[in-house]
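Chain residues, written in single-letter form:
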Amino acid sequence: MQEELGFEDFKDFEHKVESSLNFKIMVQKLVFLAEYFGWNNSYSYDLYIHGPYSSNLADDYYSNNLFNYSPLKIQDFDSKSMKQFIKDKSLDYLESASTILFYKKLNENISLDFAIKKLAEIKPHISSKIVEESFHDVEGFKLTNKSLYNIIQVNALNDFKNNLKGKIIKNIKLFENFEINYNRVFILGSLDYLRIVLREEELNNFMKNDLFNL
């Protein structure tokens, strides 16, 4: 991120965070977009004036401890593709692309027409030409809620469910004489599996229906 943001060291970063709104917006946009190129981070976002905004991320870049750690390579992060995506792009473009992706999390199949109308409504300072360009780039890079990070998540979840299902099948006889063979770990594991399945179904219904209509 240092190369793309163009700061020299912590002091320069701190100064730009304190003095430049555009710099803070750029930090927010790059971290948000990085998730779609494989960076598994824990930041959550709300739609704000300049696109998706994370208060947790803001807390971090205002923190004096941010640079007290040695840089670590982010596993599965495709920095090359991200650099290609953001190369020579304006702040308006990054704001448009991240906002489109925010809506695609609610409904992956939003149309270009929807994107142009919605951003004209909530971000009139961004031209329809930029919206169209960023929309096509998001589609071209296949940046949707099925991002690399989410694919990794889904694969890990499927592996977990398959392993747990195998254990359930293997130990199903425990239920035949439950009072005698009570196994707390097994039962809790079974409940975890059921919770995951239920949560996925509820979340999918919510994302497809209720949330997008807010």
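Residues numbered from 1 in each chain as written. Predicted model: local features only at pLDDT ≥ 70, side-chain atom pairs only at ≥ 80, totals over all residues. Heavy atoms only, no water.

**Student:** Can you help me understand the overall build of the chain in this one?
**Tutor:** Tallying secondary structure elements over the chain gives 10 helices and two strands in all. Counting all 214 residues of the chain, 35% fall into the buried class. Within the chain, contacts between residues at least 6 apart in sequence are counted, and of these 69% link residues at least 24 apart. For the chain, the exposed area adds up to about 13,800 Å²; of that, 52% sits on carbon and sulfur atoms. (Helix = DSSP H or I, 4+ residues; strand = E, 2+ residues; numbered from the N terminus. Buried < 20%, exposed > 50% of the residue type's maximum accessible area, 1.4 Å probe, protein only. Contact = heavy atoms within 4.5 Å. Areas by Shrake-Rupley, 256 points an atom, 1.4 Å probe, with all protein chains shown as cover.)

**Student:** How should I be thinking about the nonpolar core in this particular structure?
**Tutor:** In globular proteins that are soluble, nonpolar side chains generally tend to be buried together. Ranked by internal contacts, the top residues of the largest apolar core, which has 41 residues, are Leu-33 and Phe-85. Residue assignment for this core shows that the elements contributing at least two residues are helix 2 (10-19), helix 3 (21-34), helix 4 (55-61), helix 5 (79-86), helix 6 (91-106), helix 7 (112-122) and helix 8 (128-140). Apart from the residues lying within four places of it in its own chain, the contact partners of Leu-33 are Met-82, Phe-85, Ile-86, Leu-94, Ser-98 and Leu-101. (Core = buried A, V, L, I, M, F, W, Y, C linked by side-chain atoms within 4.5 Å.)

**Student:** How should the packing of aromatic side chains be read in this particular structure?
**Tutor:** In this description, a pair of aromatic rings is defined by centroid distance and the angle of the planes. By the definition in use, this model includes 13 aromatic pairs. Seen in terms of ring centroids, Phe-7 and Phe-23 are 6.4 Å apart; in terms of plane orientation they differ by 85 degrees. Their pairing is edge-to-face. Of the two residues, Phe-7 sits in the loop between helix 1 (2-5) and helix 2 while Phe-23 sits in helix 3, which places them 16 residues apart along the sequence. Phe-23 shares its class with Phe-7; the two are buried. (Phe/Tyr/Trp six-rings, centres within 6.5 Å; stacked < 30°, edge-to-face > 60°.)

**Student:** I tried to follow the confidence of the model for the chain on my own but got confused; where do I start?
**Tutor:** Caution is warranted with low-pLDDT regions, since their predicted coordinates should not be read in detail. For the chain, per-residue confidence averages 78 on the pLDDT scale, and residues scoring 70 or more make up 66% of the total. Counting interchain partners and residues more than four positions distant, the pLDDT-below-50 stretch residues 146-152 has 15 contacts. (pLDDT = per-residue confidence, 0-100.)

**Student:** I would appreciate a short explanation of the pattern of salt bridges in the present structure.
**Tutor:** Any two side chains of opposite charge can pair, so long as their charged atoms come close to each other. Overall, the coordinates contain seven salt bridges when judged by the stated rule. One salt bridge in this structure joins Lys-83 and Glu-3, with 3.2 Å as the shortest N-O distance. Of this pair, Lys-83 sits in helix 5 while Glu-3 sits in helix 1; the two residues are 80 residues apart in sequence, bridging distant segments of the chain. You can call Lys-83 partly exposed: its relative accessible area is 37%. We classify Glu-3 as exposed; its relative accessible area is 61%. Its salt-bridge partner being Glu-139, residue Lys-104 comes within 2.6 Å of it at the nearest N-O pair. Of this pair, Lys-104 sits in helix 6 while Glu-139 sits in helix 8, and the two are 35 residues apart along the sequence. (Salt bridge = Lys/Arg side-chain N within 4 Å of Asp/Glu carboxyl O.)

**Student:** Please explain the packing of helix 2 against helix 3 as it appears in this structure.
**Tutor:** In a pair of packed helices, the angle between the axes and the distance between the axes together describe the arrangement. Interaxial distance between helix 2 and helix 3 falls to 6 Å at its minimum, and their mutual angle equals 110 degrees. As judged from the angle between their axes, helix 2 and helix 3 are roughly perpendicular. Contact with helix 2, carried on its side by Phe-13, Lys-16, Val-17 and Ser-19, involves Leu-21, Phe-23, Lys-24 and Val-27 of helix 3 and no other residues of that element. Across the contact of helix 2 with helix 3, the residue classes tally to five nonpolar, one polar and two charged. (Axes fitted to C-alpha atoms, helices over the stretch in contact; angles between N-to-C directions. Parallel < 35°, antiparallel > 145°, perpendicular 65-115°, else oblique. Nonpolar A, V, L, I, M, F, W, Y, C, P; charged D, E, K, R; others polar.)

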